[in-house]
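# Notes for the structure review
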Amino acid sequence: MRKSTIVFFLGIVTFLFIGCSSSVLEDIEISDFKLIRATYNIYIERETNASTRKTIEVVFNDKNYHRMKLRGAEVTVNGISMIYDNNDLVRRYKTDEIPIEANKKYEFVVILANGEKAITTLTTDKIDFNELSFAPRLTQGVDYTISWATRGTSMGVKFWLYDTPDFSSLHEVLNEEINDNGSVTIEGSITESSKYPNITNSGFKLTRSGTSTVSDKFFSGTAAVYSSYFVEGIPVD
């Protein structure tokens with residue numbers, strides 16, 4: 001394992017250890033949003049031959065990134081109360097009662113014990129990738145097209161080439177945001193064998209992102225709302 005990989009791995013472990021440990025602020029009823037970091041997520045992640053992951057969640061941290069439940073507070077989305085998942089590896093507010101739908105507004109309301117309120121809204125774009133089509137093999141130096149039936153506003157596209165089994169050569173040849181016209185073509189000029197002679201496989205990820213407006217009452221606030229489709233293991237000739 002390369003040194004850079006080891007450092008990166010240790011960084012992840014450290015972040016997870018800090019982020020998942022509970023905050024001392026859980027023992028008090030917080031009355032000031034400026035003590036809280038808030039993260040809002042709505043996403044659908046699809047992967048070939050794998051189950052689809054769907055999430056509506058809110059994560060609260062103190063200023064030191066320790067996760068916490070807000071004592072005496074109420075957290076809702078579109079009027080539905082969110083349940084706190086106290087799993088040590090998660091520690092989040094979530095709900096399975098509301099479906100994730102296309103072009104829909106989700107309003108999150110946090111009311112602290114003293115009645116102070118913060119409102120955050122996330123709005124989805126198109127979430128389906130109906131009739132996704134792509135060739136079962138890629139020939140280096142030849143254009144490769146991916147198409148889909150349901151069009152949204154824009155599409156994030158990543159495409160990469162790699163060898164197996166140890167991924168020692170991983171090359172991201174495309175990473176850009178495009179107008180969602182129903183297809184994208186990876187030009188053969190960027191996959192030529194002269195540039196990448198040891199490649200055996202390829203893969204891609206399509207991502208549609210929605211919009212968000214996070215309350216400015218928090219110490220910090222972030223949001224992610226997206227739908228993605230991940231495909232890997234496409235053989236390369």
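Everything that follows concerns the structure shown earlier in this document.
The sections below set out a description of the structure shown in this document. (Residues numbered from 1 in each chain as written. Predicted model: local features only at pLDDT ≥ 70, side-chain atom pairs only at ≥ 80, totals over all residues. Heavy atoms only, no water.)

### Topic: the overall build of the protein
In terms of regular secondary structure, the protein is built from 1 helix and 16 strands. Counting over 237 residues, the protein shows a buried share of 40%. Within the protein, contacts between residues separated by at least 24 positions form 67% of all contacts whose residues are at least 6 apart in sequence. When the accessible surface of the protein is totalled, it reaches about 12,800 Å², and 49% of it is carbon and sulfur. (Helix = DSSP H or I, 4+ residues; strand = E, 2+ residues; numbered from the N terminus. Buried < 20%, exposed > 50% of the residue type's maximum accessible area, 1.4 Å probe, protein only. Contact = heavy atoms within 4.5 Å. Areas by Shrake-Rupley, 256 points an atom, 1.4 Å probe, with all protein chains shown as cover.)

### Looking at empty space enclosed by the protein
Inspection of every chain in the model, using the stated rule, returns 1 cavity of 30 Å³ or more. The calculated volume of the largest cavity comes to roughly 60 Å³. Looking at the largest cavity, it is lined by 14 residues, and the ones nearest its centre are T124, I127, V225, Y226 and S227. When contributions to the lining of the largest cavity are tallied by element, the ones reaching two or more residues are β1 (37–47), β14 (201–209) and β16 (220–235). Residue classes in the lining of the largest cavity are distributed as 7 nonpolar, 4 polar and 3 charged. (1 Å grid on protein atoms, 1.4 Å probe; cavity = no way out; pocket = protein on both sides within 12 Å on 5 of 7 lines; lining within 4 Å. Points joined across faces, edges and corners; volume = space filled by probe spheres on them. Nonpolar A, V, L, I, M, F, W, Y, C, P; charged D, E, K, R; others polar.)

### A few points about the nonpolar core
Formed by 28 residues in total, the largest nonpolar core has its most connected members in I36, Y40, F60, L70, F108, V110 and F218. Listing elements by their share of this core, those giving two or more residues are β1, β2 (53–61), β3 (74–77), β7 (105–111) and β8 (117–123). With 4 residues, the top contributor of residues to this core is β1. Setting aside residues up to four positions removed in sequence, I36 forms contacts with I30, F60, N61, M68, L70, L112, F218, F219 and S220. If you look at the next biggest cluster of nonpolar residues, it comprises 22 residues, including W148, L161, I178 and L206. (Core = buried A, V, L, I, M, F, W, Y, C linked by side-chain atoms within 4.5 Å.)

### Quick notes on the environment of A50
Mapped onto the fold, A50 is located in the loop between β1 and β2. Taking the relative accessible area as the measure of exposure, A50 reaches 38% and is therefore partly exposed. Sequence spacing of A50 and F230 is 180 residues, and the spatial spacing of their C-alpha atoms is 9.9 Å.

### Regarding the pairing of β3
Sheet topology note: the β3/β7 ladder contains 4 bridges and is antiparallel. Looking across to β7, one finds that V75 is bridged to V110. Sheet topology places β3 next to strand β4 (residues 80–81); 2 bridges connect them, and they run antiparallel. Across the sheet, residue T76 finds its bridge partner in β4, namely S81. In sequence, β3 turns back onto β4 through a hairpin of 2 residues, with N78 there showing a positive phi of about 50°. (Pairing = 2+ DSSP bridges.)

Nothing here speaks to function; it is all geometry.
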